[in-house]
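The chain contents come next:
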Amino acid sequence: MSEVKIAAETRTEFGKGAARRIRRENKVPGVLYGHGSEPLHLTLPGHELLLALRTPNVLIALDIDGKTNELAIPKAVQRDAIKGFLEHVDLLLVKRGEKVNVEIPVVAEGELAPGGNLLEHVLNALPVEAEATHIPESVTVSVEGLEAGASVHAKDIELPKGVSLAVDGDAVVLQVLAAQAEEAPEAEAAEGDEAAEA
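This structure is a prediction, so every number in the text was calculated from the model and none was measured.

> Talk me through the sheet that holds strand S7 (residues 99-109); I want residue IDs and the actual numbers.
One open sheet accounts for four strands, arranged S10-S7-S9-S12; its pairing is mixed. On the outer flanks of this sheet lie strand S10 (139-142) and strand S12 (164-165), each paired with one strand and no other. Bridging between strand S9 (residues 125-131) and S12 involves two bridges; their strand directions are antiparallel. Counterpart to valine 128 in the pairing with S12 is leucine 165.

Following this line, the structure appears as C-alpha cells:
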C-alpha cells in the first residue's frame, strides 16, 4: 500500500462561516484524532485529498505546518450531496506496525453457472484487522461456476498475510440468487379482475 503525502495546516477558526471560507479556497476542513491525543483541527488541500481518497483506506502521510509528520487513514468523509465535493474529513492517527480495523472492498471475478442467476453482494466491504501501513486495497473472490443458492462466507475468502477477519467467519459475503421468472400477463389480469369483484 502506498503512502500519499499531503501538506496540512492547523486551523484556529471554527463554525460554518470558517468552513465556507476554507472551501472557497479549494481546501477541506478536517480533524485528526486518535491515540488519546486532543483532536487536531486541520485544513487540507482539496484536490490532493480528493485524489488520495480514490484509494480505499489510503495511508496519508501528513506534513502539518512543516513541523510535524503524522500517519493517518480516513475514518469519515462528508461530501456535498448534490455536487459531490468534499465538505469535511475525519482522519484517524495511526503508527507504523499498529493494527487497525478497516473495511476493504470485495471484488468478485468469474462467470456464474449458466441460467441467468444474479450475484448479490451481501457485504460490499469486508471488515478486517490489518497493519496500518499494509492495508490491502481489496480482496478478490472467484465466483466461477457458482449455482443458484451458493454463497461465499467470510471464512472462505483468502486474505493476504498479516490480515485477519474482524467479522464472524460464517457471515455471508456473496450469494447467488436464482433468476426471477416474470409473471405471465394473464395472471396479472386475473388478479385485477378478482380485485374489481371484491
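Anyway, onward from the coordinates.
> Please give an account of the environment of valine 163 that cites residues and values.
By the element assignment, valine 163 lies in the loop between strand S11 (151-153) and S12. Residue classification places valine 163 among the buried positions, given a relative accessible area of 11%. Separated by 29 residues in the primary sequence, valine 163 and histidine 134 place their C-alpha atoms 8.6 Å from one another. Here valine 163 is in contact with Val128, Glu129, Ala130 and Pro136, once residues within four sequence places are set aside.

> An account of the nonpolar core is needed here, citing residue identities and associated values.
Judged by nonpolar contacts, the single largest core of 26 residues is most densely connected at Ile73 and Leu126. Where this core is concerned, the elements lending two or more residues are strand S4 (59-64), strand S5 (68-79), strand S6 (86-94), S7, S9, S10 and strand S13 (172-177). Among the elements that make up this core, the one with the highest residue count is S7 (four residues). Beyond its immediate stretch of four places on either side in the chain, leucine 126 contacts Val102, Glu103, Ile104, Val106, Val139, Ala154, Ile157, Leu159, Leu165, Val167 and Val173. Core analysis: the second largest hydrophobic core is formed by 18 residues, Ala8, Leu32, Leu44 and Val58 among them.

> Give a detailed account of the environment of leucine 126, specifying residues and quantitative values.
You can see leucine 126 is positioned in strand S9. Residues leucine 126 and valine 173, 47 residues apart in the sequence, show an inter-C-alpha distance of 7.6 Å.

> Residue-level account of the side chain of arginine 11, with values.
One can find arginine 11 in the loop between strand S1 (3-10) and helix H1 (16-24). This buried residue, arginine 11, is left without a salt bridge; aspartate 90 holds the nearest opposite charge, at 7.4 Å. Only 3.3 Å separates the side chain of arginine 11 from the backbone oxygen of glycine 30, close enough to count as a polar contact. At a separation of 2.9 Å, a polar atom in the side chain of arginine 11 contacts the main-chain carbonyl oxygen of leucine 42.

> Any chance you could break down the pairing of S1 for me, citing the residues and the numbers?
Where S1 lies against S4, six bridges are found, and the strand directions are parallel. Directly across from valine 4, in S4, lies its bridge partner isoleucine 60. Taken together, the two bridges between S1 and strand S3 (residues 37-45) define a ladder with antiparallel strand orientation. Note on S3: the bridge partner recorded for threonine 10 is leucine 42.

> Could you give an account of H1, naming the residues involved and the relevant values?
Taken as a whole, H1 has its buried residues at Ala18, Ala19 and Ile22. One side of H1 carries all its buried residues, which in axial view fall inside an arc of 100°. Opposite the packed face of H1, turned more than 90 degrees from it, sit the exposed residues Lys16 and Arg24. Residues of H1 that are buried sit in contact with strand S2 (27-34) and S3.

Conventions used here
Residues numbered from 1 in each chain as written. Predicted model: local features only at pLDDT ≥ 70, side-chain atom pairs only at ≥ 80, totals over all residues. Heavy atoms only, no water. Pairing = 2+ DSSP bridges. Helix = DSSP H or I, 4+ residues; strand = E, 2+ residues; numbered from the N terminus. Buried < 20%, exposed > 50% of the residue type's maximum accessible area, 1.4 Å probe, protein only. Contact = heavy atoms within 4.5 Å. Core = buried A, V, L, I, M, F, W, Y, C linked by side-chain atoms within 4.5 Å. Lys, Arg positive; Asp, Glu negative; His and termini not counted. Salt bridge = Lys/Arg side-chain N within 4 Å of Asp/Glu carboxyl O. Polar contact = N/O pair within 3.5 Å; in protein donor to acceptor, adjacent residues only side chain to side chain. Arc of directions from axis to C-beta.

Bear in mind that shape data such as this cannot, by itself, settle questions of function.
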